[in-house]
Each structure stands twice: as C-alpha cells, then as structure tokens.
Amino acid sequence: MGVISRRSIRTKAPLAAVALILLVVATLSTASIVVLRRTLHEHAAERLRALTDQLGETFRANMAASRVRTTGIASRPEIAAYLGKPSADSEAAARAALIAVGPQPELSLAIEVRDVSGRVLLGAPANPDAATLIGQADTSDFRALADAAAASETGTAFGKLRQSGDIIFYPAAARVPGQVGAFVVNWRRIGNTAQARTQLAKILGSEAAFFFGNGDSTVWSELGQPALPPAAAPPGQVFEFTRQGRDETVIAVRGLIEGTPWAYSLEFPSHVVEAPARAFMWTMSSIAAGCLIVGGLAAWWLSRRVAAPIETLTNAADAIAAGRTEERVQLSRADELGRLGASFNAMAGEVETVRRHLEDAVEKRTGELRSAQESLARREKLALIGHLASGVGHEIRNPLGVMANAVYYLETVQADASPQVLQYLGILRQQIQLCAKIVNDLLDLSRATPVNRERVGVDRLLNEVDVRLQRTETRGAFVADIPPDLPAVVVDPVHAGQVLDNLLSNALQAMNGSPGTVRVRARATGDGFVHVEVSDSGPGISQEHFSKVFEPLFTTKARGIGLGLALSKSLAQANGGDLTLVSAPNQSATFAFILPVAEGSA
Amino acid sequence: MSRRILIVDDDRDMVRTLCDIFTLRGWDTGKAYSGDEAIDAQKTSAYDRVLMDIKMPGLDGISAYKSLSRLFPKLPVVLMTAHRIADVEQTNARVVTKPLDLPALFNMLET
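Small disclaimer: the values here were computed from a predicted structure and weren't measured.

This part takes up the overall build of chain B. Helix and strand counts for chain B stand at 4 helices and 5 strands. When the helices and strands of chain B are listed from N to C terminus, the series reads β-α-β-α-β-α-β-β-α. The buried share among the 111 residues of chain B stands at 37%. Within chain B, contacts between residues at least 6 apart in sequence are counted, and of these 52% link residues at least 24 apart.

What follows is the structure, given as structure tokens:
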C-alpha cells in the first residue's frame, strides 16, 4: 500500500486503466468463450443426431438391398438343384450360377454355399487369396449366423465383421429355399469403393469421421481400414472421449445398425467443433491488444494532462511551505486545474503579503523593544549615577567653594606677586572651575524636574546656546543653516539648550583645535519632527566606539566622565524627541537632535 | 561708616575665607557657625547683610532665615547651598550655589 501510494499519479493512472481494460476484456472473453463453446458443442451434437438419423436410413436401405441380393443368389434353381442332387453337372451349373451373379472383387471376397455347421459345399472365390483370407478369419460363430438366418423372416442374417490383415469383411447369409441346413454366404468387403466414399462424404461433410465396427468392439474400421474402437456409450447419446492414438478429444455419437451385430460411431474432432471459438478468441485478442494500446496511451496522455499541473502545484506548495513565498505557478489552461492554479497564486500572494507584514511588524516591534530596553538601561544607569552624584557632589562643592575663595583672596592680595605665582594661582582657579563643572553635570543627572514643554523656535534655542558658547569656548565657531519657514517645536527650552550645548561643545572639542567648522543644519522631515543636525569636521567616531557613544560613563576624551551624550539622549527622549548618530563610522560625526513640531506649525 | 555683613557657615574655613574677602572689599564682618548663633549675633549687632549656609547642624539656614525675616523684615539675606537650587525650599531669600561666583555675589550684595 505504501509503495503504491508513493507512486506518481502519472504512473498509477495508466497502469490502473490498463489493468481495468485487461480485466474487462478477460472477463468478457472468458464469458463469451464459455457460452460460445457450449453453443458450438450443442450445435455439433445436433448435427451428429441429424447425421445419425440420415445414416440410419441409409443403412436400412443398404441392408435391405443386400438382403434382396443375397436372397436372390440363394434362390437360384441351380443351387437348389445341386443341393438336391449333387453331381458334377449340377455342381458345375451351380458354380456357374454363383459366378454369374458375382462376386465382384472390390465388393466381395467370395460367394459360397455352406451347411449349418459352416462346411463349404460350393465356393466361388473372387480372387485367389479369398479362401486364405476367409480361412484365416474366425468362423466359429457360423452356426449362430446360420440359426439367425434360418429364424429370420427374410431368411437372411449378417455376421460380425472379421479382419484378415488390412481387409475387413463380413458374411451375409441367406438360406437356400427348400434346402434345410444350406446357406448362401456372401463374404462382402467393407465398402472401400469410390461410390461408397462419395455417398458417405455427401452425408457427413468433410469434418466428420465415420467409424464402423462390431457392437462388441472386436473389429472396427474407418473407410474400410482397420481402426481402434470408440469408447463404449449407449447408442444415440452424444459424448466426448479422447480417441486413442490421435490424442484428440472428439465429440461422438454411437448408433446400432438394425438387424446386424454392427455399430457405427460418428465423430467430430473438438478442434474442428471449436474452430469458430478459436477464431473468436483470436479476434478478441486482437481487439483486446488494440484496446490496451489505445486505452493505455489515452490514460497516459490524460494522466499527464492532469498530473503535470498537480505536480507543478505540489512543487509550488512545497516551496511556499519551505518559506519561498514568492513562488507562483504558470498553468495556461481555463479548466478546473487552471482555476485552481489561479486560486493558488492568489493565495500565495496573500501568504506573501501577510508574511511581509508580519516580518515588518516583528522587525519594527523588535526595534522598538530594543530601543526601549536600551533607553531603560540608560535611564537606570543615569538614575544610579545621579543618586550617587547628588550625595557626593554636595560634599565636594563645599571644599571646592573654600578653595575657590582662597584662590580669589590670594589673587586679590598678591596682585603684584611674581608672574609665576599668579600663573599658578590661575591654574588652581581653572582646575577648581573644572571640578565644579563636573560636579554640576553630575548633579544635573539626578535632577527629576518635570519637563516644561513650550512652543519655541529652533533659532531662539541656538542663539541662547551661541551666547553661552562664546562666553566659554574659544576654539572655533559654528555655521547655522536654519530655513526661515522652519516650524516651531515644543520642548523644554532648558533641556533643549542643554542638549544643543552638549552637542556643540563636543563638536568643537572633536576638531582638536584645528580650524574646522561646526555646521548646524535644521530641517523639517514632514513627519511631525524637526531634525537639528550638528556636524563637525573631525575624524569621526571609530567602528569600535560607534555603538557605545550614548552609554553613560563612556568617553574617549582625556577629560570628562562620559555623561554628556547619555544625558542629552535621555533629555531628548523625555521631550518626545530623540538624539541619534547619523554619520557612518570614521566619517566626520553628525548627530541629529530630533524635536517634535508644535501643533499648528507646519 | 562701613557696611557690616554676617557670614554664617558650619565650615570654619568657609567662614574665614569669606570674611577675609569681604574685609578686603571694605566690609566689617561678623562670624557665626550655626543658625542659632546667627540669630543671636544679629540680635546683638544688627548687621546690614547676612550671607548664610543652608545646611548646618542645629538650626538650619532656612529656619534661621525664617526667624530673621520675622525679627528683621527688611534685612537682606543671601543663602548659600552646595545642593542644586531646584532642590532648595523656596523662600523670599536669594540663593547662590557653592563654589561661589564671587563677582556675581558682590553685585548682589553691594547694590
């Protein structure tokens, strides 16, 4: 079952069709042959019965003629005269009379006069061997023959067939009128004459065989030649048997010849009877072979027509199941399979669309999750740092304050000290300011002030930053490109200023004192945001550091604790925007500060 | 007659350096190291200005300011803090952060 179910329809369908045709043809042929054979056998039996009747008539007529002829011989006065008064003259006259009526060599061996015991009283042989042939035959039953003739109404009787060599003959006896115990015996040969053959052929036709012999199966002949007896069977009944020596089944009927000890057998060889059945078989076989070839080819063609598209569909379905959802089928036909192909393609299209949507949704969601996770991690880290900073910062500000006061005092009272002293005091002041800035930055981290967003122009934000930068930084300048029709944004101006401050001072520092330019370019992206991009002409951020720039405590600067960008990103996100790095690794860095557009601005 | 300023902080170095700086600028200075001392000093000496730290043991700067402003409603008081200004309780007093921006502070107290 498994093997069959695995085979392709392309193979199974023609095989099934051929098997079906074979089954139908075999069944029909067998049934037809059985019916045909029965019909043929019945027909043969009918013919045999009809021939038997015909032959019966012929035999009766022949026997009657034979009786008359034999009686005619026996009635010759010369014979009675010789028997009444035997003498050389009467014997010569009687012999002459016997010779006058016969015997004809092809029909008769001899005509004799015998007494009841079988003794030959007078003989007229038809040929020189006659006496020998008759003498060799068994004549022991002659008394029975004589008694039968004596008792017969016609005064005649026929004896059993005898055989001497190839010659088969029988005695026909007639009592001599007026002479008790004397009989004329005509030893007749079984008709091997042309006339007899013609007569028989006329009755039997060419197919039937005719056997003739003693009813007790002792001697049998066919056309005057010795033959084996047929199987025993009641007379008139059609039966089948295998004829010895011929290895052939025959359909036969046996008849008795009235008033004689003889029987005959009419036989049709089975092969003759069944010849039409064989011819039918041949015809049927040819038709069956034709049907098989045509049917097989038709089934093969049909199954190809049906199986090929199914195979195509199956392959396409497999491909889609394997994830290649762009797979389609090409079936250029308008029938059910064509419609199935079209439906399949429509379904595959749906699957592909759904898959794309799903992938996009998953990708988007994953991105959002990753971003949210990073943002959360960053905020947590910043909160922890802020918590620490607020504690430590306060404690450091006091000593810093004292130191700053002390330096101020010394610079005031020692205004005329050596330049080196004044220079060192200046170094102290700057370092104290740097410490104070670090502490201020740290304290800003822990600031949990609510976001006070308001409608503000990007140019105003930048101006404020510019003022602050000009006061503190001395290493460069920035060029701003802000379109006049840029929509207003809605952010906390303090937060936004802090972010811009950080971006610009980073950019200025990134150029390491070289005469580069920091560019600030603002543009509305049309999706409800304004991007403020800050680019420097420095060496950019290496691949190694690229993914870490927004991590708290990450820095590549010799000075700085690495909180600026982390803090800026948190502030940008808290204001409904974001801060991203848009340049590629190792290219001059560009950061984009994304700010939400105020309602009503476009 | 020179102006008089009371410097209040529990950090003695802070008090000393500020006193020296204000003395240089021509102020008479007084010292206190807690809120209670500040109130007592003001009661006794009636300074023109008070510069006081917020976080101090005992009476803190905010509470001391509240008492002083009740007792001396017209007395200008500037509070100092090492915390962020946003974290300081809001009062009518002006607040500066440490380390002090001295020029700005002078500007605030001398006008």
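Of the residues lining the interface, 18 residues belong to chain A; the matching set on chain B comes to 16 residues. Those elements that provide at least two residues to the side of chain A that touches chain B are α10 (336–413) and α11 (419–445) of chain A. Per-element tally for the side of chain A that touches chain B: the top contributor is α10(A), with 13 residues.

What follows is about the nonpolar core. Residue and element names in this part refer to chain A. Residues Ile79, Ala173, Val176, Phe183, Val184 and Ile251 are the most contacted members of the largest nonpolar core, which totals 60 residues. No other element matches strand β5 (residues 167–175), which puts 7 residues into this core. Setting aside anything within four residues of it in sequence, one finds Val184 in contact with Thr70, Ile73, Ala74, Ile79, Ile111, Val113, Ala174 and Val176.

A few words now on the confidence of the model for chain B. Of the residues in chain B, 99% have a pLDDT of 70 or more, and the chain-wide mean is 92. Predicted as a complex, the structure gets a pTM of 0.46 and an ipTM equal to 0.93.

Residues and elements named next belong to chain B. Read across the open sheet, the 5 strands follow the order β2-β1-β3-β4-β5; overall the sheet is parallel. Single-partner strands in this sheet number two, and they are β2 (28–32) and β5 (94–97). With direction set aside, neighbouring strand axes in the sheet form an average angle of 20 degrees. Those strands touched by helix α2 (residues 35–45) are β1 (4–8), β2 and β3 (49–53), and its axis lies near 140 degrees from that of β2.

Right, let's get into helix α6 (residues 142–151) of chain A. Residue and element names in this part refer to chain A. Those residues of α6 that sit buried are Phe142, Leu145, Ala146 and Ala149. Take α6 and look down its axis: the buried residues cluster within an arc of 100 degrees, on one side only. Every exposed residue of α6 that faces more than 90 degrees away from the buried side is listed here: Arg143 and Ala151. Those residues of α6 that are buried lie in contact with β3 (156–158), β5 and β6 (182–189).

The amide bond that connects B:Lys98 to the next residue, B:Pro99, takes the cis arrangement and shows omega of -5 degrees. Mapped onto the elements of the fold, B:Pro99 is located in the loop between β5 and α4 (102–110). Its identity is not glycine, yet A:Asn586 carries a phi of approximately 65 degrees, on the positive side. Assignment of secondary structure puts A:Asn586 in the loop between β18 (578–581) and β19 (590–596). One non-glycine residue with positive phi stands out, namely B:Ala46, at about 50 degrees.

Let us now look at the sheet that holds strand β11 (residues 248–256) of chain A. All names here are of chain A. The antiparallel open sheet is built from 6 strands, whose spatial order is β9-β8-β7-β12-β11-β10. Every interior strand has two partners, whereas the edge strands, β9 (225–227) and β10 (238–243), have only one. For this sheet, the mean angle separating the axes of adjacent strands, direction not counted, is 40 degrees. In the sheet, strand β8 (residues 220–222) pairs with β9 via 3 bridges, with the strands oriented antiparallel. The residue of β9 that forms the bridge with Ser221 is Pro226. Sheet contacts for helix α2 (residues 9–74): β10, β11 and β12 (262–269); angle to β11, the most-contacted strand, approximately 35 degrees.

Let us look at the packing of α2(B) against helix α3 (residues 61–71) of chain B. All names here are of chain B. Put simply, α2 and α3 touch, their axes get as near as 9 Å, and they point 25 degrees apart. Looking at the two axes, α2 sits roughly parallel to α3. When the axes of α2 and α3 are compared, the crossing they make is right-handed. Between α2 and α3, the contacting residues are Gly35, Ala38, Ile39 and Gln42 on the first element and Gly61, Ser63, Ala64, Ser67 and Leu68 on the second. Here the residues of the contact of α2 with α3 sort into 4 nonpolar, 5 polar and no charged.

Here the focus is the packing of helix α9 (residues 275–321) of chain A against α10(A). All names here are of chain A. Closest axis-to-axis distance for the α9/α10 pair is 11 Å, and the angle between their directions is 10 degrees. In terms of their interaxial angle, α9 and α10 are classed as roughly parallel. Taken together, the residues of α10 that come into contact with α9 (itself represented by Pro309, Leu313, Ala316 and Ile320) are Leu337, Leu340, Gly341, Phe344, Ala348 and Val351. Class assignment of the residues belonging to the contact of α9 with α10 gives a composition of 9 nonpolar, 1 polar and no charged.

Residue and element names in this part refer to chain A. With respect to the helices and strands, the residue Ile310 is situated in helix α9. Judged by the 15 C-beta atoms lying within 10 Å of it, Ile310 is partly exposed. It is 10.0 Å that separates the C-alpha atoms of Ile310 and Leu331, two residues lying 21 residues apart in sequence.

Structurally, the position occupied by B:Phe72 is in the loop between α3 and β4 (77–81). Taking the C-alpha atoms as reference, B:Phe72 lies 9.0 Å from B:Gln42; in sequence the two are 30 residues apart.

Thresholds, definitions, all that
- Residues numbered from 1 in each chain as written.
- Chains lettered and ligands numbered in written order.
- Predicted model: local features only at pLDDT ≥ 70, side-chain atom pairs only at ≥ 80, totals over all residues.
- Helix = DSSP H or I, 4+ residues; strand = E, 2+ residues; numbered from the N terminus.
- Buried ≥ 20, exposed ≤ 12 C-beta atoms within 10 Å, placed from the backbone.
- Contact = placed C-beta atoms within 7 Å.
- Core = buried A, V, L, I, M, F, W, Y, C linked by C-beta atoms within 7 Å.
- pLDDT = per-residue confidence, 0-100.
- Pairing = 2+ DSSP bridges.
- Axes fitted to C-alpha atoms, helices over the stretch in contact; angles between N-to-C directions.
- Arc of directions from axis to C-beta.
- Parallel < 35°, antiparallel > 145°, perpendicular 65-115°, else oblique.
- Left-handed = near helix turned anticlockwise from the far one by under 90°.
- Nonpolar A, V, L, I, M, F, W, Y, C, P; charged D, E, K, R; others polar.

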